[in-house]
Amino acid sequence: MSDLTIHTKLETLPQELKNEVNDFIDFLIQKSTKSEEKIIPKFGSAKGKIKMSADFDAPLDDFKDYM
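Residues numbered from 1 in each chain as written. Predicted model: local features only at pLDDT ≥ 70, side-chain atom pairs only at ≥ 80, totals over all residues. Heavy atoms only, no water.

Participant: Would you mind going over the environment of E20 in detail, with residue names and values included?
Facilitator: With respect to the helices, strands and loops of the structure, E20 is situated in helix α2 (residues 15-36). Residues E20 and L4 lie 16 residues apart in sequence; the distance between their C-alpha atoms is 19 Å. (Helix = DSSP H or I, 4+ residues; strand = E, 2+ residues; numbered from the N terminus.)

Participant: Describe the packing of aromatic side chains, with residues and values.
Facilitator: One pass over the full model with this rule turns up two aromatic pairs. Measuring from ring centre to ring centre gives 6.4 Å for F63 and Y66, while their planes differ by 50°; the resulting arrangement is tilted. A relative accessible area of 44% means that F63 is categorised as partly exposed. Residue classification places Y66 among the exposed positions, given a relative accessible area of 71%. (Phe/Tyr/Trp six-rings, centres within 6.5 Å; stacked < 30°, edge-to-face > 60°. Buried < 20%, exposed > 50% of the residue type's maximum accessible area, 1.4 Å probe, protein only.)

Participant: Residue-level account of a nonpolar patch on the surface, with values.
Facilitator: A contiguous nonpolar surface patch, about 560 Å² in accessible area, is contributed by L60, F63, Y66 and M67. Within the secondary structure, L60 is located in the segment after α2. (Patch = residues over 30% accessible without salt bridge, like charges linked within 9 Å, V, L, I, M, F, W, Y side chains within 5 Å. Areas by Shrake-Rupley, 256 points an atom, 1.4 Å probe, with all protein chains shown as cover. Salt bridge = Lys/Arg side-chain N within 4 Å of Asp/Glu carboxyl O.)

Participant: Explain the pattern of salt bridges to me, and be specific about the residues and the numbers.
Facilitator: Side-chain pairs of opposite charge can arise where the charged atoms are in close proximity. Scanning the entire structure with this criterion turns up one salt bridge. Put simply, K64 and D61 hold a salt bridge, and the shortest N to O gap is 3.4 Å. Pair check on accessibility: K64 and D61 agree, each one exposed.

Have a look at this one:
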């Protein structure tokens, strides 16, 4: 879709709808800038936040019949 087509369609709208289109365009601009700002985690940033139980490698009671 070309800019000329969009502009032509926009010109046919009443003023109230033009205001809504303007608000929507502002929303899309804000949304596109948020998606570009991705946070890259640093190595070791989750240290101390994840804990494993002491019996993590112990066999489960549910599988005793199969062992």
